[in-house]
Amino acid sequence: MIRRVVYDVEFRVLVKEKLNPSDSVLVTGSCEQLGEWLPNRCIPLNRIDRTDDGEVWSTNIKIHGTDKIAYRYVIGQIVRMDDDMNLIVKKWETFKAARQLTFDPIETTDIPDNQQPEEFPAIFGCYKGIHRTDIGWLTGQSEIQLRFHSNALHIWSTKLRDKTISLKVSPIDLTYQQENDEMSPDSSNQQLTPTSKVFIQSALLRLSGCETNIQSDYGAVIGKDDYIIVKIQTYEPENLAYHIDFYLVDETTPLRKHIGFAYVLPVHSNLELSDNKHLNRFVPIIGLKHNPIGQIKIDVLLITPLEGIAQKFLVTQSKYWREGRRPVNVGHRGLGKTNAEHNSSKHSSTDPLRHRSSDPSLNVSNASSSMPSTTRPVQTKFVSENTLASFKGAYQLGFDFVEFDVQLSKDKVPVVFHDFQVAITLKRKVQQAELFVVPVKDLTLPQLQSLKIHHASETDVSKVEEDIEEDDQTGQKNFRSLFPTLQELFEQLDPHLGFNVEIKYAMEYRHGGSEQNYYFERNEYIDCILRCLIAHAGKRVIVLSTFDPDCASMLRRKQTLFPVLFLTQGDKGDWTQFLDVRTWSINIGLCFIVAEHLSGLAAPALDILSDKDFVKHVKENGKLLFIWGDEASNKDVSKSLIDLKVDGLIFDHVAELKEEHSTTENVFVAEEREELEVLNNFRQKQLEIKHRQLLQELETLKSARETNNFSPPPTTISTSLDSNFKHLM
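Because the structure is a prediction, the values reported are computed rather than measured. (Residues numbered from 1 in each chain as written. Predicted model: local features only at pLDDT ≥ 70, side-chain atom pairs only at ≥ 80, totals over all residues. Heavy atoms only, no water.)

Regarding the overall build of the protein
Regarding its fold elements, the protein presents 15 helices and 35 strands. Contacts in the protein between residues far apart in sequence, at least 24 positions, make up 72% of those at least 6 positions apart. (Helix = DSSP H or I, 4+ residues; strand = E, 2+ residues; numbered from the N terminus. Contact = heavy atoms within 4.5 Å.)

Now the structure itself:
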């Protein structure tokens, strides 16, 4: 006869934070009855009480016989479509080890009554004294971001031109409006869309800090230098338009006067873009008398979900950054860059931005005066940058991570290469050889790995001619090594070597031009790279980074497996400034990562050395801070940065620091050994406890025989102890 034990378990949790009327609390876990960590199979709880501390949610679930289950609580918004449950995940518990529920062995066919978890009721986001939660990812819905910045608001009315104005965005469900076409003349009493079908949130970026919240009744005040982001998540972006209300702000009263409105049509495709530029819409503002009173510029971004990959409520080794970990050493492009920077769109040396560092007001410290020049290529006598040989060399030196650049070839294969262009050699029979600069995106992987390709910064044609005359077989191998694929790195590098993957994307410059024209659509571009990362990641620790703020937002929304760092140029270097205002300084960068819930910031060493208190601000927000730049390779500077408790240093002179780092052990190898030692010590103690118990049992039996009061214990206990001892041995 087959017996199956069924436990009736009550899951109860106290949620202290304020919930919206459309929010639900759910539970997910490791067994089939708890949905096996899948978002669309979470089990909803019922609200049973409201207290001063918060809301209490509970449900009873029958768990089929098992020794132990793991589970987490989730806050989300349930969207019913075609009788299927879809879940917009707003927040979920991200403890490295999930909550545990252990069942005592019971030999019965009855249902044990009301089994309860060890912490009852649980507190959402708190387990064994640890507080950890995170936002969700796009499980199937899309996110539309409406951004208002860079003097976006232009008021034509002279009466309102110098007034303070706030704006509020409300989504309009077009299908709902078609079904309920009787419109109320008073828009304030009109329901534009069912609140259960969308999730809307706003963020306000200012140099003084970042405010992230659900929109208030009158929205947010828009100032000259403010950056307002309104995020709307929906499963039907093609049926969602947007109503924007404008209010006159009067500091003497909390009430605000409604002065006008505007409409934005649905945004359901980024194909409206003619290039990789931002999608901007200029919308007229209509006054209450139906006359135009101004216009507003809206910067629009559509983020679509990552299709074809089932992501679960699991915390990876990458996402869990161990507390107390020493600053990790990151080899820039492996052993360091070997090529000078090249970009055909950059401005000439007459650009004032390229001479910022000569301004005396920007000098940071005496320590930086002895730093090596940031304009020269380094490691030229060693192996080439961004190659397998370079990455293996960094690991042999004991480095924890290697940083490398990933972009797509024409056939959409993720390849490792820094620049957006390469130089192709064209050899003529009579005339001198010529170099033609071609975008990487216009060459397929076989072409990149077979053509005689040189770095785009090379201008010495005679040197190129010498390379052409070399042995064909040797030359083929050299050129192929310049374009390893992302998959090859996973397959050929030690799994203990962490990857800092910089996602390249062509950006626009502030004073005109771009890094590369007619680039890939962002969603498709990011999806191709993420699919490769998720398919081959295994247990390797991976950190993603990018200079493009929109790519950073997409990387965060599309997945929850890898931490995302935002790379910022700061304002102390001589780099050409990008058009996007979010890249202009480390302070704006910090506001951005807080608003977008990114894991951290990668900032230039010059900016951190000039404002050391900035490290404290990053830590107060619970974010990681990596440092990059040639200055980080200076011994005095790197020591100063380590003393500031930064989380990572990206070195650009790795081989030159060989003596210093040759005895350094990879941090992940060391942590794995420590964890094994702890586990072995625990097992040893368990063995000792079992051994003492068996000795005590033998002594008891011996004493019973000697006193002639021996009564044999139940066979099952002795057998159980003996089997346990053998199992532990």
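Focus on the pairing of strand 25 (residues 401-408)
Counting buried residues in strand 25 gives eight out of eight residues, a clear majority hidden from the surface. Alternating positions in strand 25 separate into two faces, Phe401, Glu403, Asp405 and Gln407 on one and Val402, Phe404, Val406 and Leu408 on the other, with burial throughout. Two elements, strand 24 (residues 328-332) and strand 25, share three bridges in a ladder whose sense is parallel. Along strand 25, the bridge assignment pairs valine 330 with phenylalanine 401. Pairing of strand 25 with strand 30 (residues 498-503), which is carried by six bridges, proceeds in the parallel orientation. (Buried < 20%, exposed > 50% of the residue type's maximum accessible area, 1.4 Å probe, protein only. Pairing = 2+ DSSP bridges.)

Thoughts on the side chain of lysine 558
Position of lysine 558 among the secondary structure elements: in helix 8 (residues 549-558). For lysine 558, a relative accessible area of 0% corresponds to the buried category. Engagement of the side chain of lysine 558 in a polar contact is seen with the side chain of asparagine 523, the distance being 2.9 Å. A polar contact of 3.0 Å, which involves the side chain of lysine 558, links it to the side chain of aspartate 527. (Polar contact = N/O pair within 3.5 Å; in protein donor to acceptor, adjacent residues only side chain to side chain.)

Quick look at helix 12 (residues 635-643)
Regarding helix 12, the residues found buried are Val637, Ser638, Ser640 and Leu641. The buried residues of helix 12 all sit within an arc of 160 degrees when viewed along its axis, so they share a single face. Residues Lys635, Asp636 and Lys639 are exposed on helix 12 and point more than 90 degrees away from its buried face. (Arc of directions from axis to C-beta.)

Notes on the nonpolar core
Counting residues in hydrophobic clusters, the biggest one holds 76 residues, and the most contacted among them are Phe404, Phe499 and Leu641. The element contributing the most residues to this core is helix 7 (residues 522-536), with eight residues. Among all residues touching phenylalanine 499, those that are not within four sequence positions of it are Phe401, Val402, Phe404, Leu489, Phe490, Leu493, Arg540, Val541, Ile542 and Val543. Counting 32 residues, the second largest nonpolar core, distinct from the first, contains Ile144, Leu204, Leu279 and Ile296. (Core = buried A, V, L, I, M, F, W, Y, C linked by side-chain atoms within 4.5 Å.)

Focus on the environment of lysine 312
Note that lysine 312 resides in the loop between strand 23 (292-303) and strand 24. Sequence-distant contacts of lysine 312, defined by excluding residues within four places in its chain, comprise Glu36, Trp37, Leu38, Trp137 and Thr560.

Some details on the pairing of strand 1 (residues 6-15)
Within a regular strand, side chains alternate between the sheet's two faces. By the criterion of burial, strand 1 is predominantly enclosed, with nine of the ten residues buried. Of the pairings in the sheet, the one linking strand 1 to strand 5 (residues 55-64) comprises ten bridges and is antiparallel in character. Its bridge partner being in strand 5, valine 9 is matched across the sheet by isoleucine 61. Strand direction decides the pairing type here: strand 1 and strand 9 (residues 122-123), joined by two bridges, are parallel. Its bridge partner being in strand 9, valine 13 is matched across the sheet by alanine 122.

A short note on unusual backbone geometry
Most peptide bonds take the trans form, and the phi angle of most residues other than glycine is negative. Despite not being glycine, asparagine 151 shows a phi value in the positive range, around 55 degrees. Take asparagine 151: it is sitting in the loop between strand 13 (142-148) and strand 14 (153-155). Judged by relative accessible area, which is 38%, asparagine 151 ranks as partly exposed. Phi at asparagine 386 takes a positive value of approximately 55 degrees, unusual for a residue other than glycine. Within the fold, asparagine 386 resides in the loop between strand 24 and helix 2 (388-396).

Let's talk about the pattern of salt bridges
Inspection of every chain in the model, using the stated rule, returns 34 salt bridges. Among the salt bridges present, the one from arginine 47 reaches glutamate 55, with a minimum N-O distance of 3.0 Å. Overall, arginine 47 belongs to the partly exposed group, its relative accessible area being 33%. Taking the relative accessible area as the measure of exposure, glutamate 55 reaches 12% and is therefore buried. A salt bridge links glutamate 524 to lysine 412; the nearest nitrogen and oxygen atoms lie 2.3 Å apart. Of the two residues, glutamate 524 is situated in helix 7 and lysine 412 in the loop between strand 25 and strand 26 (414-416); the sequence distance between them amounts to 112 residues. For glutamate 524, a relative accessible area of 33% puts it in the partly exposed group. (Salt bridge = Lys/Arg side-chain N within 4 Å of Asp/Glu carboxyl O.)

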